[in-house]
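Given next are the chains, with one letter for each unit.
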Amino acid sequence: MDLKTKYLGLELNNPLIVSACTLGHSVDNIRKLEDNGAAAVVLPSIFQEEIEGHIEDIESILAESGAEATTYLPPSIADSSGPQNYLDLIRKARAAVDIPVIASLNGTSLTGWTDYAAQLEEAGANAIELNVYFLPTDLSLTGQQVEQRYVEILKAVKKAVKIPVSMKLSPYFSSLGHMVRQLDAAGADGFVLFNRFYQPDIDLEELTLQRDLNLSHRGEIRLPLLWLGALHGHVKGSLAASSGVQTAKEVVKYLFVGADAVMTASALIRHGVGYMKTLLDGLKLELEQREIESVSRIRGKMSRHAVADPTAFDRANYIKILQGAPRG
Ligand SMILES: Cc1cc2nc3c(=O)[nH]c(=O)nc-3n(C[C@H](O)[C@H](O)[C@H](O)COP(=O)(O)O)c2cc1C
């Protein structure tokens, strides 16, 4: 069975990628994930705030030493330096595994931190996943200004590196498809749908904001399923699904709507890194049962333009669903 796929121009043995999450902090985990069949790993994010918090240290040392790259930082600073440790993680992961290692760069404004992308490349990252985790709580910002921010940050990162750059997006754009096409035209090599925005809850006893991290459930595949299905065949960049994978069934559904790769974090955290093998074996079994010999045979077969009735993706479907709902 041929499970091979191409994502961001990278040849992958199968479509399963470890999504950016805490598991990727440990090289031991990354090695085990590869052993269990992961085709690539996205490292946890390095944040603009971490990079900027070290810029002065880094700049002053570079000025003193005349060195050109932060890889020359003395160990005393490197030990406590987030960005430096992140580069070390990339180097160690690269040395430990054969699968592609994708760095995750997470920031919100167009400042010098985007140059750090060049160091991710130099450390050996095979690609960069750019996560512009921007919450437009400034009520004076227009949708166009928000979109422009994404495009400008992407362009700055693309300018700094030669490796592929994907955009991890949230679904919260007034016209997601147009946003994706703008980023596609600006050179994004792929799209990860979707980012999860962590939303606060209120602790009514303490009257404090609760910031907890809930793992996903399978119902969460539906929104990415809809949008991957709408985008498949309409963008140059690759498409990766992220959200809600709990079993191989979700993986197969994502492939059917057009995903080139499928990412998973919560399921691996919930069941352990060995669960990657369960997902991969499950994927093989799902395909075998359907007598499908390669993932390329099903990719996009249920995308919006491939299904007989595309209105099932649309408003017409919504109306039908509401009309069929129980009336008490
Ligand atoms: C513990 C944990 C840590 C995460 N850390 C990051 C991160 O550093 N950067 C990022 O872009 N996404 C991060 N995510 C989001 C995941 O990459 C993924 O997009 C999201 O969890 C949905 O996928 P899932 O349903 O497979 O968990 C994290 C998720 C979890 C559960």
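Residues numbered from 1 in each chain as written. Predicted model: local features only at pLDDT ≥ 70, side-chain atom pairs only at ≥ 80, totals over all residues. Heavy atoms only, no water.

Focus on the environment of methionine 302
So, step 1. Examined against the element boundaries, methionine 302 turns out to sit in the loop between α12 (275–289) and α13 (315–324).
So, step 2. Taking the C-alpha atoms as reference points, methionine 302 and tyrosine 254, separated by 48 residues in sequence, lie 9.3 Å from one another.
So, step 3. Ignoring any residue separated from it by four or fewer positions in sequence, one finds methionine 302 in contact with Phe256, Val257, Val307 and Phe313. (Helix = DSSP H or I, 4+ residues; strand = E, 2+ residues; numbered from the N terminus. Contact = heavy atoms within 4.5 Å.)

Observations concerning the pairing of strand β6 (residues 127–131)
So, step 1. Across the five residues that make up β6, a large majority, five, are buried.
So, step 2. Every second residue of β6 is oriented toward a common face, with Ala127, Glu129 and Asn131 on one face and Ile128 and Leu130 on the other, all of them buried.
So, step 3. Note that strand β5 (residues 101–106) and β6 share five bridges and pair parallel. Residue serine 104 lies in a different strand from β6, and its bridge partner there is glutamate 129.
So, step 4. Traced from β5 through helix α6 (residues 116–123) to β6, the parallel crossover comes out right-handed.
So, step 5. Here four bridges tie β6 to strand β7 (residues 165–169), and the two strands are oriented parallel to one another. The partner of asparagine 131 across the bridge, within β7, is lysine 168.
So, step 6. Once the chain exits β6 it traverses helix α7 (residues 143–160) before rejoining the sheet at β7, and the crossover so formed is right-handed. (Buried < 20%, exposed > 50% of the residue type's maximum accessible area, 1.4 Å probe, protein only. Pairing = 2+ DSSP bridges. Right-handed = clockwise from strand over helix to strand, strands pointing away.)

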